[in-house]
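Observations on the three-dimensional arrangement
Chain by chain, the residues:
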Amino acid sequence: MRATRLLAVITPAAMLLVGCSTGEVEEIESHREFKVLGTEEIPKEFISGKGQRFVLSGPAKFVPDPVGGPEPVSPANGSGARDTRSEDQMTREELAHALRPVMLYKDHEYTLDGPAYELADAIIAARGKELKTKGSEGRARVTNDVDITPGLTRPQGIIGTDTREVKRDNTVFPSSTRVLITNPTLTFGCSGQMIGPTTILTAASCLHDGSGWLPTRSWSPGVDSQDTNPFPYQGGSLYPDPAGDTPTFGCYTPIVPSEWKNGQISVSHDFAIMELGPMYPGSCDMDPPGDDVGWLGLWVPSESALEGRSGYIYGYADKGNWPQIWGSHGPLTDEGAEIRHEIDTSSAQKGAAIYMFDSADDRYVVGIHKGTVVGAGENHGRRMTSGLHTWIVNHSAL
């Protein structure tokens, strides 16, 4: 579904997006645009495009960028427990508190007004369902490759030989959908995945380290440093920009679950979205990026559909000519809220999609890559469960 664009004229809401004060305003084009309540430049509350009320918690806490990218997380840095429960194992009360959305706007933090009981009920109602949302190829050229290794069982990983290959077809679908998430100086690296016209899926640890927010990120799909135009789909703050000089800084609303923000930094809670559309007061007036680059759909496969099947991870690996897309594939193991794998990865690939081909040879995101399991000699990520699928749909323009 195409997200509705903000009005091109300078309305009060448009002024808010560029930092001007405004009174109570409401976008008039569709229900997918936000409503701001109050008269301050930093609003005390607002209603999202899906009718959810967010209230101001206070100034956000920020932490410095990690050097070179996020490091593997050990239990000592978090709650002391490796919580890999899926939403199927959580009570309504646990879900309402753990998955309550937290977002950042103008260096201030906003939280859903009260426990997320409606979300919890939707997650409970979705239990056991094999959910799917369709992808789109956008206007990018499309590769004709299919799943070349069905049922692959041989292990792969940097434990042995690095089998990753570089993907120079960065303006061809699906490579065009892979988003570089970085800082303006390109000294920090993470990956993300377009999953809708205005929605990027990534790891929470790419935006927040469990104790504070990382500085505002730049983002750009389909990046290749060896191209004459390294950022072919955008530059500055307008999208797309033919100059392609730099990734866009800001122009999105980051959302993470409360449990991650409160320091419970297990793989179960390491997921986030960056919403670029007008659902929240943080986007810019731009065409939906997915209309150009395309996006992958989401799939909650059954255990039998996932176990032992080939998964693919392509992201911005910190090797070769950074930044550039590298990736590989290998068998997946279902571990509840977790996917285990030995697919070659490095730190800047954190947040990249773990995707599979379905029986129609269409690609679907089935997980979010996290990193190395400390002490286990293998890699892992967050599995796409019915609960995570519901959380994403509830807090994005999907």
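Residues numbered from 1 in each chain as written. Predicted model: local features only at pLDDT ≥ 70, side-chain atom pairs only at ≥ 80, totals over all residues. Heavy atoms only, no water.

1. Some details on the overall build of the protein
Across its full length, the protein carries 7 helices and 24 strands. Relative to its 398 residues, the protein shows a buried fraction of 57%. Taking as baseline every contact in the protein between residues at least 6 positions apart, the subset at least 24 positions apart corresponds to 70%. On the protein, roughly 14,800 Å² of surface is accessible, and the fraction owed to carbon and sulfur atoms is 52%. (Helix = DSSP H or I, 4+ residues; strand = E, 2+ residues; numbered from the N terminus. Buried < 20%, exposed > 50% of the residue type's maximum accessible area, 1.4 Å probe, protein only. Contact = heavy atoms within 4.5 Å. Areas by Shrake-Rupley, 256 points an atom, 1.4 Å probe, with all protein chains shown as cover.)

2. Some remarks on unusual backbone geometry
Looking along the chain, the bond that leaves phenylalanine 173 and enters proline 174 is cis, with omega of 10°. With respect to the secondary-structure elements, proline 174 resides in the loop between strand S10 (172-173) and strand S11 (178-182). Unlike most non-glycine residues, leucine 186 shows phi in positive territory, near 60°. With respect to the element layout, leucine 186 can be found in the loop between S11 and strand S12 (189-194).

3. Some words on the confidence of the model for the protein
Interpretation of this model should avoid reading the predicted coordinates in detail wherever pLDDT is low. Per-residue confidence for the protein gives a mean pLDDT of 82; residues scoring 70 or more make up 80%. Mean pLDDT in the protein bottoms out at helix H1 (residues 12-17), which sits at 27, and peaks at strand S13 (residues 199-202), which reaches 98. Counting interchain partners and residues more than four positions distant, the pLDDT-below-50 stretch residues 1-30 has 72 contacts. (pLDDT = per-residue confidence, 0-100.)

4. Remarks on the packing of helix H3 (residues 117-126) against helix H7 (residues 386-394)
Contact geometry of H3 with H7 gives a least axis separation of 9 Å together with a crossing angle of 140°. Judged by the angle between their axes, H3 and H7 are oblique. Seen along the crossing, H3 lies across H7 with a hand that is right-handed. Together, Leu119, Ala122, Ile123 and Ala126 of H3 and Ser386, Gly387, Thr390, Trp391 and Asn394 of H7 make up the contact between the two elements. (Axes fitted to C-alpha atoms, helices over the stretch in contact; angles between N-to-C directions. Parallel < 35°, antiparallel > 145°, perpendicular 65-115°, else oblique. Left-handed = near helix turned anticlockwise from the far one by under 90°.)

5. Notes on the packing of aromatic side chains
Applying the stated criterion across every chain yields a total of 10 aromatic pairs. Judged by centre distance (4.9 Å) and plane angle (75°), the rings of phenylalanine 271 and tryptophan 391 are edge-to-face. Highlighted residues: phenylalanine 271 in the loop between helix H4 (258-261) and strand S17 (272-275) and tryptophan 391 in helix H7, separated in sequence by 120 residues. Residues phenylalanine 271 and tryptophan 391 agree in their burial class; the two are buried. In this structure an aromatic cluster arises from ring pairing among Phe46, Phe54, Tyr105, Tyr110 and Tyr280. Just above the ring of tryptophan 299 sits the side chain of lysine 132; from NZ or CZ to the centre is 4.8 Å. The residue whose ring lies beneath lysine 167 is tyrosine 314, and the NZ or CZ to ring-centre distance is 5.6 Å. (Phe/Tyr/Trp six-rings, centres within 6.5 Å; stacked < 30°, edge-to-face > 60°. Lys NZ or Arg CZ within 6 Å of the ring centre and 35° of its normal.)

6. Points about the state of the cysteines
Within this structure, the stated rule accounts for 2 disulfides. Between cysteine 251 and cysteine 284 runs a disulfide, and the two sulfur atoms are separated by 1.9 Å. One quick way to see it: the torsion about the S-S bond of cysteine 251 and cysteine 284 is about -75°, and its sign makes the bridge left-handed. Highlighted residues: cysteine 251 in the loop between strand S15 (248-249) and strand S16 (253-257) and cysteine 284 in the loop between S17 and helix H5 (290-293), separated in sequence by 33 residues. By relative accessible area, which is 7% here, cysteine 251 ends up buried. (Disulfide = S-S within 2.5 Å.)

7. Let's talk about H3
Of the residues making up H3, those classed as buried are Leu119, Ala120, Ile123 and Ala126. The buried side chains of H3 occupy one side of the element, clustering within an arc of 130° when seen end-on. Elements that come into contact with the buried residues of H3 comprise helix H2 (92-98) and H7. Of the residues flanking the end of H3, it is glycine 128, one or two places downstream, whose phi is positive at about 85°. (Arc of directions from axis to C-beta.)

8. Structural notes on the nonpolar core
With 76 residues, the main nonpolar core has Ile200, Leu201, Trp219, Val365, Met384, Trp391 and Ile392 as its most contacted residues. If sequence neighbours within four positions are ignored, leucine 201 has contacts with Gly192, Gln193, Ile195, Ala272, Ile273, Leu298, Gly351, Val365, Ile368, Met384 and Ile392. If you look at the next biggest cluster of nonpolar residues, it comprises 12 residues, including Leu306, Ile313, Ile354 and Met356. (Core = buried A, V, L, I, M, F, W, Y, C linked by side-chain atoms within 4.5 Å.)

9. Describing H7
Of all the 9 residues making up H7, 7 are buried; the element is thus mostly covered by neighbouring parts of the structure. Every buried residue of H7 is listed here: Ser386, Gly387, Leu388, His389, Thr390, Trp391 and Ile392.

10. Side note on the environment of threonine 345
On the secondary structure map, threonine 345 appears in the loop between strand S21 (338-341) and strand S22 (353-357). Among the residues examined, threonine 345 registers a relative accessible area of 9% and is labelled buried. In this structure the C-alpha to C-alpha distance between threonine 345 and glycine 371, which are 26 residues apart in sequence, comes to 7.5 Å.

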